[in-house]
Every structure is written in structure tokens, then in C-alpha cells.
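Read off the chains here:
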Amino acid sequence: MAIEITKSTYEPYEEKMKKYLDNLVENLTYIRAGRANPRLLDRVLVDYYSSMTPINQLANIQVPEARQLLITPWDANVLKSIEKAIYDSDLGLTPSSDGKSIRLTFPALTEERRHDLAKEVDKYGEEAKINIRTVRRDFLDSMKKLLKSNQISEDVYTGCEEDIQKLLNKYSEQVDKAVKVKSAELMEI
């Protein structure tokens with residue numbers, strides 16, 4: 001009994017590839033490029049009445065200058081907690097408070113630091129590509145089982161190989177593009 005291979009056969013695998021690409025893009029937003037980006041604070045959690053809460057749920061975050069963030073809490077009582085959370089985070093920034101708001105100034109990146117961050121971006125890109133190739137391998141393994149049990153023909157298997165390779169190429173190109181854009185952003189002075 002032959003199984004028909006349709007577009008829906010590939011959908012779960014393409015979905016996984018897309019998730020790996022989306023995860024890469026999200027991770028790249030957290031790499032500091034010397035410019036102020038409110039998304040850098042998304043992973044910083046503040047102890048707010050015994051509950052760990054993201055800063056963006058406790059305060060207004062603005063970008064008054066290219067290298068500065070202004071954090072204005074809605075509840076003045078949480079100002080010290082936000083300041084402590086930023087100081088304790090891995091951002092490497094020192095918060096400056098005026099009693100009503102907190103300013104974060106991003107220093108210019110050194111050439112060495114830019115190259116280190118570019119290497120980190122490349123590493124994230126390579127991890128995403130490895131994960132995408134793993135999805136292709138999983139798909140081909142499932143097709144090999146069908147081939148061995150005579151549920152699909154050799155020709156159908158070959159067609160599946162070509163189709164999944166096209167998907168892999170599509171997502172690998174998008175990974176390369178995202179890495180290239182972020183690396184160029186890091187190298188800007």
C-alpha cells in the first residue's frame with residue numbers, strides 16, 4: 001500500500017525550520033550593537049512584590065538618544081528594584097537614577113568587542129543551521145522507513161530528498177542573511 005507524499009507531509013518540518021530561524025532572529029536582537037534597543041531589557045526581570053516581572057511591564061522605556069534608554073516606572077516604589085535588576089544583569093551597564101527615572105547609557109563598542117560579538121553572531125547562525133539540518137535528517141529518516149517498508153517508491157524518496165533540500169537551502173539562506181545584517185550592524189562605527 002503506497003503512501004502519497006503531499007505538501008502537508010513537509011509542513012511540520014518546515015514549521016520546525018522556521019522556528020529555528022525565528023529563534024535565531026530573536027537571539028540576535030539581544031546582542032548589543034552599541035545602540036540603545038529597548039528589547040535588550042526583555043530578559044531582565046525585576047522582583048516586584050515577590051514576583052519576577054519583566055521591566056517592560058513595570059515601566060515606560062524610551063530611546064531619547066541613539067545610545068541611551070530612559071526607563072520611567074509607573075510605580076515610583078519599584079525604581080530601586082529596577083535599578084538593582086539592571087545592575088545585576090549581564091548587560092554590563094550601570095544605571096543612573098534621578099529619583100523618578102533611570103537612564104542607561106550605552107558606551108561605544110571597541111573594535112575588539114565588535115569582533116567578539118560578530119563571532120558570537122556567527123556561532124548563533126551556525127547553531128541554527130545545524131538545527132535546520134537536523135530537521136532535514138529527521139524527515140529523511142522517516143522517509144527511509146517508509147521506503148524500507150515499501151510504502152513509497154525509490155523515485156518518491158528521491159523527490160522527497162530534493163524537496164527537503166530546497167527547504168533547507170531556503171532557511172539556510174535566511175539564516176545567512178540575518179547573520180550578515182547583524183554582523184554589519186555590529187561593525188558600524
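Cut-offs and rules
- Residues numbered from 1 in each chain as written.
- Predicted model: local features only at pLDDT ≥ 70, side-chain atom pairs only at ≥ 80, totals over all residues.
- Heavy atoms only, no water.
- Salt bridge = Lys/Arg side-chain N within 4 Å of Asp/Glu carboxyl O.
- Helix = DSSP H or I, 4+ residues; strand = E, 2+ residues; numbered from the N terminus.
- Buried < 20%, exposed > 50% of the residue type's maximum accessible area, 1.4 Å probe, protein only.
- Domains from an automatic or database assignment.
- Contact = heavy atoms within 4.5 Å.
- Buried area = accessible area lost by both parts, 1.4 Å probe.
- Polar contact = N/O pair within 3.5 Å; in protein donor to acceptor, adjacent residues only side chain to side chain.
- Nonpolar A, V, L, I, M, F, W, Y, C, P; charged D, E, K, R; others polar.

K.L.:
Hey, could you run me through the pattern of salt bridges in this one?
P.N.:
Pairing of side chains with opposite charge becomes possible as their charged atoms draw close. For the structure shown, the criterion picks out eight salt bridges. In this structure, glutamate 185 and lysine 182 form a salt bridge, with 3.3 Å as the shortest nitrogen-oxygen distance. With glutamate 185 and lysine 182 both in helix H4 (residues 154-187) and three residues apart, the pair spans about one turn of that helix. Judged by its relative accessible area of 25%, glutamate 185 falls in the partly exposed class.

K.L.:
Even after reading the chapter, I still don't get the domain arrangement of the protein, so can you show me in this structure?
P.N.:
Quoted interface sizes are often the accessible area lost when the parts come together. Partitioning the protein into domains gives domain 1 (8-31 + 110-188) and domain 2 (38-105). Its C-alpha centre places domain 1 at a distance of 35 Å from the equivalent point of domain 2. At the junction of the two partners, domain 1 supplies five residues and domain 2 supplies four residues. Here domain 1 packs against domain 2, burying approximately 460 Å² in sum over the two surfaces, 47% of which is carbon and sulfur. Run the count over domain 1 and domain 2 and you get zero salt bridges. There are one residue pair in polar contact (both at pLDDT 80 or more) connecting domain 1 and domain 2. Each residue belonging to the side of domain 1 that touches domain 2 can be placed in one class, and the counts come to two nonpolar, two polar and one charged.

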